[in-house]
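Listed below, chain by chain, are the residues.
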Amino acid sequence: MSEEIRHRIVELSEEISEHQFKYYVLDAPSISDNEFDIKLRELAELEKQYPQYKVDNSPTDLVGGGFSTAFQQHPHRERMMSLDNVFSTEELDTWFTRVEKTSSSPTWLCEVKVDGLAINLLYEKGKLTRALTRGDGTTGEDVTLNIKTISAIPHELNGSEIPALIEVRGEVFFPLAAFNEFNDALEEEGKDRFANPRNAAAGSLRQKDPKVTASRPLSMVVHGVGANEGQPFETQEAAYQQMKSWGLPTSARAKVVKTRQEVIEFINFYQSHRHDVEHEIDGVVIKINELSIQEELGFTSRAPKWAIAYKYPPEEVTTKLLDIKISIGRTGRATPFAVMEPVRVAGSTVSNATLHNIEEISRKGVLIGDTVVIRKAGDVIPEVLGPVLPARTGLEKPFVMPTECPECGSELRAMSEGDVDIRCPNSQSCPAQLRERIYYIGSRSALDIDVLGYEAASAMLSDGLIVDESELFSLTRDDLIRSSFFTKKDGTLGANAEKFLAALERAKTRPLWRFLVALSIRHVGPTAAQELANRFGSMAAIRSASFEELASIDGVGEVIAAAVIEWFTVDWHRNIVDRWEVAGAVLVAETVENLAPQTLAGLTLVVTGSLVDFTRDGVNEVIAAHGGKSASSVSKKTSYVVVGDSPGSKAQKAEELGVPILDEAGFKRLLSEGSQ
């Protein structure tokens, strides 16, 4: 029996260390966080009962992530601890009872637990001198140059009472909305997607070239202090308030409460609203607010006794993988997806989940018939993480990628050398590609046409109202009355028909760059489309431009230039543009006579916070219409920063760099009068 226990402890220690390596170094975890936590807890219990069998450098003594990469290692001034976890209110009550033996009336600071990458920022005399990953808690990897590319992190603290030295601890994260867009772009380029925002943040921060990190919209939130010389704090709350006054990105969601019940209410609130937060969270952290009590309680070998992480149930479930099929996207990409026994996860029932591409299926080792782990967070498409190997019966079978398009029968093939994706080449008449392209035309990313959603696109094609997108702007009431989607039970046109026709008319005068996006030219997104529209001024000029002319534009380059040239060489592509123009679509930029005053010519503006009279997309269009350029980050080249309600750290960055700041009224004056 004792030999079995010893063997199990060694086995768990090795397995957990391997998973830590995959998680922290490779950014490619092979099991869920919940499964990892279960293994770690089992090891901790066994070591507690049988300490004589505990291995040297046990994972229970280490703060995860202590693995060397290409970055130089440096020690933390004060050890950077991890947190112990609880998974139920009963376990939380046990922790409360234990810590209250030291003080019967502490207050509790509650904050959401950001699922990101732990970072330690060292400020000396107010200046950021070093940024380290957590590493093994004693030493970490130097990522200072990469950290300095994150606009939320000040390079120098502002304000009063700045200590001679302070270590600021926090989490670097990838905002969810930006993560989804980033992953879509990777997939479009035939590159591997990141499994989750945490991995994307870690991978982005570990880039050898800081320019790559700078191109990714990372952010950070502060959650603690390490070494601190010259600035004592009485409470955790006071520390956060002081750090906020210095320009550090503290959380607006931290809350101090007095009772256990209030802590439970905070936990329950964010469990119900976890998808309303801009970053992923996996629980709530509860800390004793008073630092004097924290000091009295002290630490274990790996974690503070005065703080605990309440982990939410995992948004991962298991179900049966019944089949693997493929879907065809608007650019013809064949994407495998899992057909599963319906299962409820993250508040909704799902029966399909993405598998991305054949290489991803191979990497995950998924077989048809497997019991699989799936994950779904918020509105993100469910994803198969991998198989449950012990559940295999031997009846499972591998997926074989089809050689033909399931909707039009065309032979699937890679469109270029080295392309991991295979595509349906029948882009003109493949029903799947047609549906997806027409649906995309109506989306907010393109022409923003009311009613033109997936159902409308499917109905127009199946009912023969249009053959392809070239006929979209030629639709009339007589056409729509032939489809049950647009008619009432009595056969007359419904309200959605009138709304749709009015939306089509409005869409005809959308900015030129939006039409470019709507054409689904590969690699041409909003940024490149705006640069093309600004440079050439009309669809005709873009159509006749040379490769050299296109590639020379900032924000376009050779890949996009080649895609544009290739698109316009196709007869039926040109027919779309021609027929839209005949139907009244304005495929030219505003003429000089109708052009808005070019009061922002030569200026670069950054907008942060919410404006009253402008939407996020709208303000960028207004800036472009007045000759200016919108930017997402503040630099010395920024002309103005426009600040609305609830601004982010960009306003602080502007102050640091001496960039002029405008409120909404000042922005409006700039639009009308220009820079004086």
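Above this text sits the structure in question.
So, a few notes on the structure that sits alongside this text. The model shown is predicted, which means the values in this text are computed figures rather than measured ones.

1. A closer look at the overall build of the chain
- Broken down by element type, the chain carries 24 helices and 20 strands.
- For a compact globule of 676 residues, the expected C-alpha radius of gyration is about 26 Å, and the chain comes in at 28 Å, within 12% of that figure.
- Within the chain, buried positions represent 50% of all 676 residues.
- Counted over contacts in the chain with a minimum sequence separation of 6, partners at least 24 positions apart contribute 66%.

2. Remarks on the side chain of Thr 487
- Tracing the backbone shows Thr 487 in the loop between α14 (477-480) and α15 (495-507).
- Polar contacts involving the side chain of Thr 487 include one to the main-chain carbonyl oxygen of Ser 483, which spans 3.1 Å.

3. Overview of the nonpolar core
- In this structure, Ile 449, Leu 452, Met 460, Leu 472, Phe 500 and Trp 580 are the most contacted members of the largest nonpolar core, which totals 60 residues.
- Discounting residues that sit within four places of it in the chain, Phe 500 has contacts with Ile 449, Asp 450, Val 451, Leu 452, Met 460, Leu 472, Leu 475, Leu 480 and Phe 486.
- Judged by nonpolar contacts, the second largest core, of 35 residues, contains Leu 109, Leu 121, Ile 150 and Trp 246.

4. Brief notes about the packing of helix α3 (residues 89-100) against helix α9 (residues 260-272)
- Between α3 and α9, the shortest axis-to-axis distance is 12 Å and the interhelical angle comes to 140°. Here α9 runs oblique to α3, going by the angle between their axes. α3 and α9 meet at a crossing whose hand is right-handed. Side by side, α3 and α9 meet where Thr 89, Leu 92, Asp 93, Phe 96, Thr 97 and Glu 100 of the first sit next to Arg 260, Val 263, Ile 264 and Ile 267 of the second.
- Tallied by class, the residues present in the contact of α3 with α9 amount to 5 nonpolar, 2 polar and 3 charged.

5. Quick word on the environment of Arg 134
- As for its position among the elements, Arg 134 is in the loop between β5 (127-133) and β6 (139-141).
- Separated by 115 residues in sequence, Arg 134 and His 19 have C-alpha atoms that sit 17 Å apart.

6. Notes on the pattern of salt bridges
- The tally for this structure, following the rule as stated, stands at 30 salt bridges.
- The salt bridge involving Lys 364 is made with Glu 383; its shortest N-O contact spans 3.2 Å. On the criterion of sequence distance, the pair formed by Lys 364 in helix α11 (residues 358-364) and Glu 383 in strand β16 (residues 383-387) is long-range, its members being 19 residues apart. Both residues of the pair, Lys 364 and Glu 383, belong to the buried class.
- For the salt bridge of Arg 579 with Glu 471, the shortest nitrogen-to-oxygen distance reads 3.6 Å. Of this pair, Arg 579 sits in helix α21 (residues 571-582) while Glu 471 sits in the loop between α13 (454-462) and α14, and the two are 108 residues apart along the sequence.
- Judged by relative accessible area, which is 32%, Arg 579 ranks as partly exposed.
- Connected via shared salt-bridge partners are Glu 360, Arg 363, Lys 364 and Glu 383.

7. Describing the side chain of Asp 370
- Along the chain, Asp 370 turns up in the loop between α11 and β15 (371-375).
- Asp 370 gets classed as buried once you look at its relative accessible area, which sits at 0%.
- Within the structure, Asp 370 has its side chain in polar contact with the backbone nitrogen of Leu 367 (distance 2.7 Å).
- A polar contact of 2.7 Å, which involves the side chain of Asp 370, links it to the side chain of Arg 392.
- Setting aside chain neighbours within four positions, we find Asp 370 in contact with Thr 319, Lys 320, Leu 321, Gly 365, Pro 387, Arg 392 and Glu 396.

8. Looking at helix α23 (residues 650-657)
- Listed in full, the buried residues belonging to α23 are Ala 651, Gln 652, Lys 653 and Ala 654.
- A positive backbone phi angle near 75° is found at Gly 658, which sits one or two residues after α23.

9. Observations regarding the sheet that holds strand β3 (residues 108-114)
- Overall, mixed pairing links the 5 strands, which are arranged β2-β11-β10-β3-β9 in an open sheet. The open sheet terminates on both sides in strands that have one partner only, identified here as β2 (85-86) and β9 (255-257).
- Of the strands in this sheet, β3, β9 and β10 (281-288) are in contact with helix α8 (residues 236-245), which crosses β3 at around 55°.
- Across the sheet, α9 lies against β3, β9, β10 and β11 (307-311), angled at about 20° from β3, the strand it touches most.

Definitions and cut-offs
- Residues numbered from 1 in each chain as written.
- Predicted model: local features only at pLDDT ≥ 70, side-chain atom pairs only at ≥ 80, totals over all residues.
- Heavy atoms only, no water.
- Helix = DSSP H or I, 4+ residues; strand = E, 2+ residues; numbered from the N terminus.
- Rg over C-alpha atoms; globule rule 2.2 N^0.38 Å.
- Buried < 20%, exposed > 50% of the residue type's maximum accessible area, 1.4 Å probe, protein only.
- Contact = heavy atoms within 4.5 Å.
- Polar contact = N/O pair within 3.5 Å; in protein donor to acceptor, adjacent residues only side chain to side chain.
- Core = buried A, V, L, I, M, F, W, Y, C linked by side-chain atoms within 4.5 Å.
- Axes fitted to C-alpha atoms, helices over the stretch in contact; angles between N-to-C directions.
- Parallel < 35°, antiparallel > 145°, perpendicular 65-115°, else oblique.
- Left-handed = near helix turned anticlockwise from the far one by under 90°.
- Nonpolar A, V, L, I, M, F, W, Y, C, P; charged D, E, K, R; others polar.
- Salt bridge = Lys/Arg side-chain N within 4 Å of Asp/Glu carboxyl O.
- Pairing = 2+ DSSP bridges.

The values reported here are purely geometric and, on their own, carry no functional implication.
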